[in-house]
Amino acid sequence: MESHNFSWKNIRFVPVVHNRMEFAVEVRRQFEEFRPDGVAVEFPPTLKDQVLRAVKRLPLLSVVYYQEGDGTLAYLVIEPTDGQVEALRLALEKDIPVHFIDRDTEGYPANRYSLPDPYAVTRIGHYAYCEAYFRIFKDRDPPPKDRLREKSMAFHLQRLSREGRRTLFVCGLTHFPGVLKMLREPQAEVIGRRSREGVGLAHLHRESSREVLTEMPFLAAEYERFRSRKDASSIDRIRIQGLLIEQARERHLRKNREELNPAQLKLLYTFARKYALLTGHLAPDFYQLVVAARGCADDEFAYEVWDKGNEYPWQTDQPDLPVIRLRGEDLFLDQKRIRFHRRLRTLRRRLVPLPGKKRPRERVPGEWKKAFQGLYICSYPPEDVLVEGYGRHLQKRALEIKSEENSRIVPFTCSMFEGIDIRQTVREWLKGDIYVREAMPFRGKVGSVVVIFDPDLPDKEGKEAFPWRVTWLGEHEQESDMAFYSTPAGEVMDGPGISRCQYGGFMLTYPPLRVYDIWKDSFFDMARNKPERLLMAAIDYSLEKHVVYVAPDPPSGRCRSLAAKLGKKIVYMPIGSFSPVTLKKIRVFHVLEGHHVRRYAGHFIPTP
């Protein structure tokens, strides 16, 4: 940090952009460095009692309100990330005097000065940021009301200076050049209101805190935690936004069973950063984060980011003050509106319920899970049919890809072959030739199918999300042998003896009753992870030349080498090219504890 500061005699200036966390942090730093005998702030003395009450209530959020002469209600939200509020909190904690030196002004317009992103303070330092502003605006001619306010502040600062005490003065950055300029000459006290009737204090409603705070509530909460930790040395906005995205991602996985992959997260951060740069900022704001979340995932995830970002844990429903609800319009805030198109969780309730047998429920929570032993397990036949059908769809798709690769486009001479290729004909239109597509014979068929939803590589502690590894044999001649890894059976129960699981990846190979347990077969011990073992088994057991491999990443060189040695070929298709809705449907399956469970499983499992 730089060692520069703004001082006039025994007064230390700390110019701030109001309600921005970086400036509140700077106030803390300069307070510790300067160790003042008193603190002066840009609040009028007519509001002193209620502002101090509100500061003492923090982290509970409060609103100071009063009525102006023309009947207009004025509101002052006390936010923990404001530099002036932070200075008052520190003064109260150290038990040193506080001075409210601004002029009580009515009808003050809502100024919207264009300032550089406050996040720049963390990179270039507070002094360089404010010095650049001072250099540009030192000769600014302030509006009449601002001039009176600055004269009033300069008068009180000169008075405090004559008392000989070290004073820390926290003021808005826009008033800083004017006050400093007026301190060069003796100032007289400005005539103005000395007292005000009807100043009140109210507790800000929980819903309003989502709308009227300058900083997002999640960031304000992190700042509160930061200032309560004695060993905390720094706090960074970008890091807090990363924490928000991470917690929203975990909640999204828990509630919707959908996980964002690393590519989506990387795209989200890139999108948000570029969006911020386009608007002249270094760090994205809350709105830009939510928009980026929706663009890179969906509305469900964007809602989780918005909902998590609006969490401020200290708001209570039973405060010791009257509760006030405020909207952005009440404070003349420049707001943006965003709509979430979320999925419906339930259908509309009917006035007259349809007759039907209700699904049984557990008499005691955890009863089904406790009774599940998993000694004799089997699959649910309708889901087997679904997976087999999807496997055949992948085989057909692979054949189309290979056939497409084997075709060629030639100028029309004497045969139309497979028909006119419109694209090439248009490209060569000026030559006046017509091009046709000639399909070359495709040799070989497609055998085994491997689908990898999640590679599930172990983390540093060796933990896996899909640790259950099973090999199932087909029960009849129309069913393939199957090997897969998934979430463990018995963790999530949908009925007595019915466990719901989720595939991490699976392999299908036909005809049935040929596969030995691939997870114990030492022939595949050369595989470095579960996707490699599934693919090696698919190559080994495939009776056809081609093996379908659907996964986020292409097959490894080790698997390609094994396929070449065995005279096979891997047809790789990125999983991102398939419908996520279908994949989500295929991925969930049920494990039944014995064949007798199949008789009633349909009452507990929705039709796939």
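Residues numbered from 1 in each chain as written. Predicted model: local features only at pLDDT ≥ 70, side-chain atom pairs only at ≥ 80, totals over all residues. Heavy atoms only, no water.

Visitor: In this structure, what is going on with the nonpolar core? I would like to understand it.
Guide: One broad trend across soluble globular proteins is that nonpolar side chains are buried collectively. Phe13, Val51, Leu88, Leu157, Phe169 and Leu204 are the most contacted members of the largest nonpolar core, which totals 67 residues. Counting residues per element, this core draws most heavily on helix H3 (residues 83-94), at five residues. When near neighbours in sequence (up to four residues on either side) are disregarded, Leu88 contacts Val41, Phe43, Val51, Leu52, Val55, Val98 and Phe100. Counting residues in each nonpolar core, the second largest holds 27 residues, with Val446, Phe453, Met482 and Leu508 among its members. (Core = buried A, V, L, I, M, F, W, Y, C linked by side-chain atoms within 4.5 Å. Buried < 20%, exposed > 50% of the residue type's maximum accessible area, 1.4 Å probe, protein only. Helix = DSSP H or I, 4+ residues; strand = E, 2+ residues; numbered from the N terminus. Contact = heavy atoms within 4.5 Å.)

Visitor: Just to check I follow, could you spell out the pattern of salt bridges for this structure?
Guide: A pair can form between side chains of opposite charge whenever their charged atoms are brought close. As enumerated under the stated definition, the model contains 40 salt bridges in all. Where Glu189 meets Arg194, a salt bridge forms, and the shortest distance between an N and an O atom there is 3.0 Å. Judged by its relative accessible area of 37%, Glu189 is partly exposed. Using a relative accessible area of 66% as the deciding quantity, one classes Arg194 as exposed. Between Asp456 and Lys530 there is a salt bridge, with the nearest N and O atoms lying 2.5 Å from each other. Remark: Lys530 occurs in helix H17 (residues 530-541) and Asp456 occurs in the loop between strand S13 (446-452) and strand S14 (468-472); sequence separation between them is 74 residues. Residue Asp456 is classed as buried on the basis of its relative accessible area, which comes to 7%. Judged by its relative accessible area of 5%, Lys530 is buried. (Salt bridge = Lys/Arg side-chain N within 4 Å of Asp/Glu carboxyl O.)

Visitor: Looking at this structure, how should I read unusual backbone geometry?
Guide: Apart from glycine, the bulk of residues carry a negative phi angle, and the bulk of peptide bonds sit in the trans form. The peptide bond linking Leu58 to Pro59 adopts the cis configuration, its omega dihedral lying at 15°. Here Pro59 lies in the loop between helix H2 (48-57) and strand S4 (62-67). Backbone torsion omega between Tyr510 and Pro511 reads 0°, so that peptide bond is classified as cis. By secondary structure assignment, the location of Pro511 is in the loop between strand S17 (498-509) and H17. One non-glycine residue, Asp95, lies in the positive phi region at around 60°. Along the chain, the position of Asp95 falls in the loop between H3 and strand S6 (98-100). The residue Phe417 is not glycine, and still its phi comes out positive at about 50°.

Visitor: Would you take a moment to explain the side chain of Glu479 for this structure?
Guide: Checked against the element boundaries, Glu479 lands in the loop between S14 and strand S15 (481-486). Within polar-contact distance, the side chain of Glu479 engages the backbone nitrogen of Glu475 at 2.8 Å. (Polar contact = N/O pair within 3.5 Å; in protein donor to acceptor, adjacent residues only side chain to side chain.)

Visitor: Could you clarify how one ought to interpret helix H19 (residues 580-587) in this entry?
Guide: Spacing of three or four residues puts side chains on the same side of an α-helix, whose turn is 3.6 residues. What H19 keeps buried is the set Leu583, Ile586 and Arg587. Looking straight down H19, one finds its buried side chains confined to an arc of 95°; they lie on one side. (Arc of directions from axis to C-beta.)

Visitor: I'm lost on the sheet that holds strand S9 (residues 323-324) in this one. Help?
Guide: Note on sheets: strands pair through backbone hydrogen bonds, and any given pair is parallel or antiparallel. What the four strands build is an open sheet, ordered S5-S4-S8-S9; its pairing is mixed. Looking at strand neighbours, the two that pair on one side only are strand S5 (73-78) and S9, the edges of this open sheet. Of the strand pairs in this sheet, S4 and strand S8 (residues 200-204) are connected by four bridges, and their pairing is antiparallel. Note on S8: the bridge partner recorded for Val64 is Leu201. Contacting S4, S5 and S8, H2 runs over the sheet at an angle of about 25° to S8. (Pairing = 2+ DSSP bridges. Axes fitted to C-alpha atoms, helices over the stretch in contact; angles between N-to-C directions.)

Visitor: When you look at the environment of Trp8 in this model, what are you seeing that I'm missing?
Guide: Following the sequence through the fold, Trp8 ends up in strand S1 (residues 6-8). Sequence separation between Trp8 and Phe484 is 476 residues; the distance between their C-alpha atoms is 74 Å. Once residues within four sequence positions are removed from consideration, Trp8 is found in contact with Phe13, Leu157, Gln158, Ser161, Leu180 and Leu183.

Visitor: Even after reading the chapter, I still don't get the sheet that holds strand S7 (residues 167-172), so can you show me in this structure?
Guide: Strand order in the open sheet made by the five strands is S1-S2-S7-S3-S6, with mixed pairing throughout. This sheet does not close on itself; its edge strands, each paired only once, are S1 and S6. In this sheet, adjacent strand axes meet at a mean angle of 25° when their direction is disregarded. Relative to S7, strand S3 (residues 38-41) is paired through four bridges, and the arrangement is parallel.

Visitor: I tried to follow the pairing of S7 on my own but got confused; where do I start?
Guide: The two faces of the sheet receive side chains in turn, since in a regular strand these alternate between them. S7 sits mainly inside the fold: six of its six residues count as buried. Here six bridges tie strand S2 (residues 11-16) to S7, and the two strands are oriented parallel to one another. Of the residues in S7, the one forming a bridge with Phe13 is Phe169.

Visitor: What exactly am I supposed to notice about the confidence of the model for the protein chain here?
Guide: Do not read the fine detail of predicted coordinates wherever pLDDT is low. Considering every residue of the protein chain, the mean pLDDT works out to 86; 94% of them sit at 70 or more. Mean pLDDT across the elements of the protein chain ranges from a minimum in helix H8 (residues 206-212), with 78, to a maximum in H17, with 95. (pLDDT = per-residue confidence, 0-100.)

Visitor: Is there a simple way to explain the packing of aromatic side chains in this structure?
Guide: Geometrically, a pair of aromatic rings is defined through the distance of the ring centres and the angle of the planes. Here the structure, examined in full by the defined rule, presents 24 aromatic pairs. Geometrically, the ring pair formed by Phe134 and Phe176 is tilted, given 5.6 Å between the ring centres and 50° between the ring planes. Taken together, the residues Phe134 in helix H5 (residues 126-137) and Phe176 in helix H7 (residues 176-182) connect sequence positions 42 residues apart. Owing to a relative accessible area of 0%, Phe176 belongs among the buried residues under this scheme. (Phe/Tyr/Trp six-rings, centres within 6.5 Å; stacked < 30°, edge-to-face > 60°.)

Visitor: Mind showing me how you'd approach helix H10 (residues 237-256) here?
Guide: The terminal C-alpha atoms of H10, which comprises 20 residues, lie 28 Å apart, in line with the 28 Å expected from a rise of 1.5 Å per residue. Among all positions in H10, only Arg237, Ile240, Gln241, Gly242, Leu244, Ile245, Ala248, Arg249, Arg251, His252 and Asn256 are buried. Buried residues along H10 sit in contact with helix H1 (21-34), helix H9 (217-228), helix H11 (262-278), helix H12 (286-296), helix H13 (299-309) and H19. Backbone nitrogen of Ile238 and a side-chain oxygen of the N-cap are separated by 2.9 Å at the start of H10; the cap is Asp236. (Expected span 1.5 Å × (residues − 1).)

Visitor: What should I look at first to understand the environment of Ala40 in this one?
Guide: Structurally, Ala40 is set in strand S3. Expressed as a C-alpha distance, the spacing of Ala40 and Tyr127, which sit 87 residues apart in the sequence, is 19 Å. Leave out the neighbours within four places in its chain, and Ala40 touches His99, Ile101, Leu157, Leu160, Thr167, Leu168, Phe169 and Val170.

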